[in-house]
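# Understanding the architecture of this molecule
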Amino acid sequence: EAGVVQSPRYKIIEKKQPVAFWCNPISGHNTLYWYLQNLGQGPELLIRYENEEAVDDSQLPKDRFSAERLKGVDSTLKIQPAELGDSAVYLCASSYSGPRETQYFGPGTRLLVL
Amino acid sequence: GEDVEQSLFLSVREGDSSVINCTYTDSSSTYLYWYKQEPGAGLQLLTYIFSNMDMKQDQRLTVLLNKKDKHLSLRIADTQTGDSAIYFCAESLKEGYSTLTFGKGTMLLVSP
């Protein structure tokens, strides 16, 4: 079974530029998560989707971050414009729907903003 | 508050047992998890324990939960160099949701 796929794996951009990350969850997983992992920290939830609906986006900085999951499968996370402090690892995870379902993580996208 | 705390670093010799500790503050936690992250990789679920359990064993891994002290530990028996990684403790807080709150991670270094 294929795991959670993310691309690109690495991205280097200059500040004020836009950037987008893509995630393909495990087949059959209705729930999709985007996490932010700063250096030396654990992951922090940015947004959670149930199918195509964003059910928890309370930690998403909506002034510059946006996300979509139009058909309830793949998802894109965008930052526009990027700031130096956005340099981090962006992790995507997926799970079956329902409480306490195990989350499976992708390898992450490492973003460096110069 | 919702805080998960871990010691930052542990060094052991190959063949020894490793014990990684975690404390959490929210008594309403339902599940507690241990994830492993190798360099440049995502998080891999190792094991989890439901909050009404005291212990869970899975091959070389033993999880102990002390609900009174809100203390969770992960014991790795016969630690191997391939176990070198960062280990994250996480708690699932909200009934009906699967939102996880992670600690900062413990870096385990296994020397030959």
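Definitions and cut-offs
- Residues numbered from 1 in each chain as written.
- Chains lettered and ligands numbered in written order.
- Predicted model: local features only at pLDDT ≥ 70, side-chain atom pairs only at ≥ 80, totals over all residues.
- Heavy atoms only, no water.
- 1 Å grid on protein atoms, 1.4 Å probe; cavity = no way out; pocket = protein on both sides within 12 Å on 5 of 7 lines; lining within 4 Å.
- Points joined across faces, edges and corners; volume = space filled by probe spheres on them.
- Helix = DSSP H or I, 4+ residues; strand = E, 2+ residues; numbered from the N terminus.
- Nonpolar A, V, L, I, M, F, W, Y, C, P; charged D, E, K, R; others polar.
- pLDDT = per-residue confidence, 0-100.
- Buried < 20%, exposed > 50% of the residue type's maximum accessible area, 1.4 Å probe, protein only.
- Pairing = 2+ DSSP bridges.

## Comments concerning the layout of surface pockets
Size it by volume and the second largest pocket reaches roughly 430 Å³. If you go around the second largest pocket, you meet 24 residues; those closest to its centre are Q37, L39 and G40 of chain A together with Q37 and I86 of chain B. Looking at the lining of the second largest pocket, the elements that each hand over two or more residues are β9 (88-95) and β11 (109-113) of chain A together with β9 (85-92) and β11 (106-111) of chain B. If one sorts the elements of the lining of the second largest pocket by residue count, β9 of chain B sits on top with 3 residues. Of the residues that constitute the lining of the second largest pocket, the class distribution is 11 nonpolar, 10 polar and 3 charged.

## Remarks on the confidence of the model for chain B
Per-residue confidence for chain B averages 89 on the pLDDT scale, and 93% of its residues sit at or above 70. For chain B, per-element mean pLDDT is lowest for strand β10 (residues 100-102) of chain B, which scores 88, and highest for strand β2 (residues 9-13) of chain B, which scores 97.

## What to know about the pairing of β9 of chain B
Residues and elements named next belong to chain B. Summarising burial for β9: 7 of the 8 residues are buried, a large majority. Pairing of strand β4 (residues 31-37) with β9 involves 7 bridges; the strand directions are antiparallel. Bridge pairing links K36 to Y87 in β9. Alignment of β9 against β11, held across 3 bridges, turns out to be antiparallel.

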